[in-house]
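Take a look at the letters that make up each chain.
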Amino acid sequence: MTSIDIPSSVTSIGESAFYNCSNLTSIEISSRVTSIGKKAFYGCSSMTSIIVDTNNEKYSSQDNCLIEKVTNTLLLGCKNSVIPNYVESIGDYAFMGCNGLTSIEIPSSVTSLGEYAFGGCNSLASIEIPSSVTSIGVYAFGDCSSLESIEIPNSVTCISTYTFVNCSSLASIEIPDSVTSINSFAFMGCSGLTKMDIPSSVTNIDTCVFANCSNLTSIVVDTNNEKYSSQDNCLIEKATNTVISGCKTSVIPNYVECISIGAFWGCINLESIEIPSSVTSIGPFAFHSCSSLENIVIPNSVTSIGGYAFYKCSSLTIYCEATSQPEGWDSSWNWDDLPVVWGYKK
C-alpha cells in the first residue's frame, strides 16, 4: 500500500493507526476528521505527501505538513516537508522516523520542540534551532546518527532526558549559559564527543548524562559554578564530593567520597583507574561496560557497592582489600561473577 484515501465517514484516526506503514507515500485526510492520535503515522518513512481537505475545521496542511489550526502545532511532517513560518510548536513524534529527511529549516515562529520530534531521523546531518525555541522535549533528536552539528540557542534552560541519545556523529556541542539543568542520559551514546564544557549556570545534572560517550577525554566545569566542579576530567558534585561522570582519561581525586550511578558507564577505552581510600560508596552500574578495564582495587573504605557496578566489564579482575564481602555491598554487585581477589594488599 503506497497511498490511502480516508473516507468521509471517518472522524477519528487512532493512536498508531498506520504504525510502520513504511511503503505509504501519501495520505489524504477528509474534512470530518476531528481527532488524530499520537504516533498515528509513526514509521511511515516513505511519506512524501500530506493533504488535508480545506473544509476541515480542526486540521490543515501546507507544504506537506499536518497542522492543528488552533495551536499552530505541526503534528506530522515528512521528508518533503517545509515548515510554514506561522507554526509555533513542533509536536510530539512530528518527524520521528523520517529516515529520508536530510535537512529542515525551523522558522523563528517556533517556540518548542516536542518529545521525539526528530527522533530516528538518521539522515539528518545538521539543523539550526532558532533563538525563539525555549523548550526541547525528551528524545527530540535521539538516534539522529548522522547529526554532526547542532547549536543549542541561549533561550533553552533544560536539556531533557535522552535529547541527544545515540547521536554518534556529533563531534562537539556547546551548552549555553541559559541552561540550568541537564537530565539523565541526555548525551548517552554520543561516541563522537571528545570534550564537554559545562557553564556556571548549570545547577542540576542527573545521572548517566554521558553514559557510552566512549571517546570523551575532557570534562571541564566553569570555575564559577557553585554546585559542580571538575578535576582531572571528573565531573564532581561539590556538596557530596561525588563523581557524577568520568571519562577515559579521568583520575579520581583523593577527596572524592562517592562514585555515582553509571559514572563511568560505557567508557570502553578506560584501561585503568585508581579508587582512592576516601571513597566509601560506588553506585549501581558505576563501571558498566568498561570492557578494556583489566584490574581495579577496591579499598577497605568502600562500605557500599550498588548492583551491576561492574556489569559487562569482560576483561576485569577485581582486587578487594576487604577479606570478605561487606554487608553493605549489593548482592548483585558482581553480577557477571568476575574473578575477585579478597584480602589484597598493595
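The notes below deal with the structure included here. Not measured: the values here are computed from a predicted model. (Residues numbered from 1 in each chain as written. Predicted model: local features only at pLDDT ≥ 70, side-chain atom pairs only at ≥ 80, totals over all residues. Heavy atoms only, no water.)

## As for the overall build of the protein chain
At step 1: For the protein chain, the count of helices and strands is zero helices and 27 strands.
At step 2: C-alpha atoms of the protein chain, sized along the principal axes, occupy 80 × 40 × 30 Å.
At step 3: In the protein chain, which comprises 346 residues, the share counted as buried stands at 51%.
At step 4: The contacts in the protein chain between residues at least 6 apart in sequence include a share of 26% that link residues at least 24 apart.
At step 5: Surface summary for the protein chain: the accessible area is close to 14,600 Å², and the carbon and sulfur share equals 43%.
At step 6: Considering the protein chain, the positive charge centre built from 13 side chains and the negative charge centre built from 32 side chains are found 3 Å apart. (Helix = DSSP H or I, 4+ residues; strand = E, 2+ residues; numbered from the N terminus. Buried < 20%, exposed > 50% of the residue type's maximum accessible area, 1.4 Å probe, protein only. Contact = heavy atoms within 4.5 Å. Areas by Shrake-Rupley, 256 points an atom, 1.4 Å probe, with all protein chains shown as cover. Lys, Arg positive; Asp, Glu negative; His and termini not counted. Charge placed at Lys NZ, Arg CZ, Asp CG, Glu CD.)

## With respect to the sheet that holds strand 3 (residues 26-29)
At step 1: What the three strands build is an open sheet, ordered 1-3-5; its pairing is parallel. With partners counted over all chains shown, the strands left at the sheet margins are strand 1 (3-5) and strand 5 (49-52), one partner each. Taken pair by pair, the neighbouring strands of this sheet meet at an average axis angle of 5 degrees, ignoring direction.
At step 2: Sheet topology note: the strand 3/strand 5 ladder contains four bridges and is parallel. When the sheet's bridge partners are listed, S26 is paired in strand 5 with S49. (Pairing = 2+ DSSP bridges. Axes fitted to C-alpha atoms, helices over the stretch in contact; angles between N-to-C directions.)

## Structural notes on the side chain of S160
At step 1: Its location among the elements puts S160 in the loop between strand 14 (158-159) and strand 15 (181-182).
At step 2: Of the residues examined, S160 reaches a relative accessible area of 11% and is grouped as buried.
At step 3: For S160, the residues in contact, after removing those within four places along its chain, are I136, G137, V138, N183 and A186.

## Considerations on the nonpolar core
At step 1: Within the largest apolar cluster, 55 residues are counted, with the highest numbers of intra-cluster contacts made by I90, F95, L113, F118, F141, F164 and F187.
At step 2: Where this core is concerned, the elements lending two or more residues are strand 7 (65-68), strand 16 (195-198) and strand 18 (218-221).
At step 3: Beyond its immediate sequence surroundings of up to four residues, F118 is in contact with I90, F95, L101, I104, I106, L113, L124, I127, A140, F141, G142 and C144.
At step 4: The next biggest cluster of nonpolar side chains, apart from the first, holds 31 residues, and it includes V243, C290, C320 and W333. (Core = buried A, V, L, I, M, F, W, Y, C linked by side-chain atoms within 4.5 Å.)

## Focus on the packing of aromatic side chains
At step 1: One pass over the structure, following the stated rule, counts 22 aromatic pairs.
At step 2: Ring geometry for F18 against F41: centres 5.1 Å apart, planes inclined by 0 degrees, an arrangement best described as stacked. Within this pair, whereas F18 is found in the loop between strand 2 (12-13) and strand 3, its partner F41 is found in the loop between strand 4 (35-36) and strand 5, the two being separated by 23 residues in sequence. As far as burial versus exposure is concerned, F18 and F41 are alike and both buried. (Phe/Tyr/Trp six-rings, centres within 6.5 Å; stacked < 30°, edge-to-face > 60°.)

## Concerning a negative patch on the surface
At step 1: Where like charges cluster on the molecular surface, the negative patch consists of E105, E128, E151, E174, D177 and D222.
At step 2: Within the secondary structure layout, E151 lies in strand 13 (residues 149-151). (Patch = residues over 30% accessible without salt bridge, like charges linked within 9 Å, V, L, I, M, F, W, Y side chains within 5 Å. Salt bridge = Lys/Arg side-chain N within 4 Å of Asp/Glu carboxyl O.)

## Section: the environment of I83
At step 1: Along the chain, I83 turns up in the loop between strand 8 (73-76) and strand 9 (89-90).
At step 2: Among the residues examined, I83 registers a relative accessible area of 6% and is labelled buried.
At step 3: With 34 residues separating them along the chain, I83 and S49 place their C-alpha atoms 13 Å apart.
At step 4: When neighbours within four sequence positions are excluded, I83 is seen to be in contact with C65, L74, I90, F95, I104, E105, I106 and P107.

## Some details on the side chain of E68
At step 1: Locating E68 in the fold gives a position in strand 7.
At step 2: Look at E68: it is buried, it has no salt bridge, and the nearest opposite charge is K58 at 4.1 Å.
At step 3: In terms of polar contacts, E68 uses its side chain to reach the side chain of T71, at 2.7 Å.
At step 4: Ignoring anything within four residues of it in the chain, the contact list for E68 reads K58, Y59, T73 and L75. (Polar contact = N/O pair within 3.5 Å; in protein donor to acceptor, adjacent residues only side chain to side chain.)

## Details of the sheet that holds strand 23 (residues 281-282)
The strands that make up a sheet pair up through hydrogen bonds in the backbone, lying either parallel or antiparallel.
At step 1: Across the sheet, six strands lie side by side as 19-20-21-22-23-25; this open sheet has mixed pairing. Each edge of the sheet is formed by a strand with only one pairing partner; in this case those strands are strand 19 (228-231) and strand 25 (304-305).
At step 2: Sheet topology note: the strand 23/strand 25 ladder contains two bridges and is parallel. Counterpart to S281 in the pairing with strand 25 is S304.

## Quick notes on unusual backbone geometry
At step 1: If you check the backbone angles, Y139 has positive phi at about 60 degrees while not being a glycine.
At step 2: Along the polypeptide, Y139 turns up in the loop between strand 12 (135-136) and strand 13.
At step 3: Unlike most non-glycine residues, S289 shows phi in positive territory, near 65 degrees.
At step 4: Looking at the element boundaries, S289 is found in the loop between strand 23 and strand 24 (295-298).

## Topic: the state of the cysteines
At step 1: A complete count under the given rule lists zero disulfides for this structure.
At step 2: C44 provides the cysteine sulfur closest to C21, a residue in no disulfide bond, and the two sulfurs are 5.2 Å apart.
At step 3: Free of any disulfide, C247 has its nearest neighbouring cysteine sulfur in C267, separated by 6.5 Å.
At step 4: On the basis of relative accessibility, which here comes to 0%, the residue C247 falls in the buried class. (Disulfide = S-S within 2.5 Å.)

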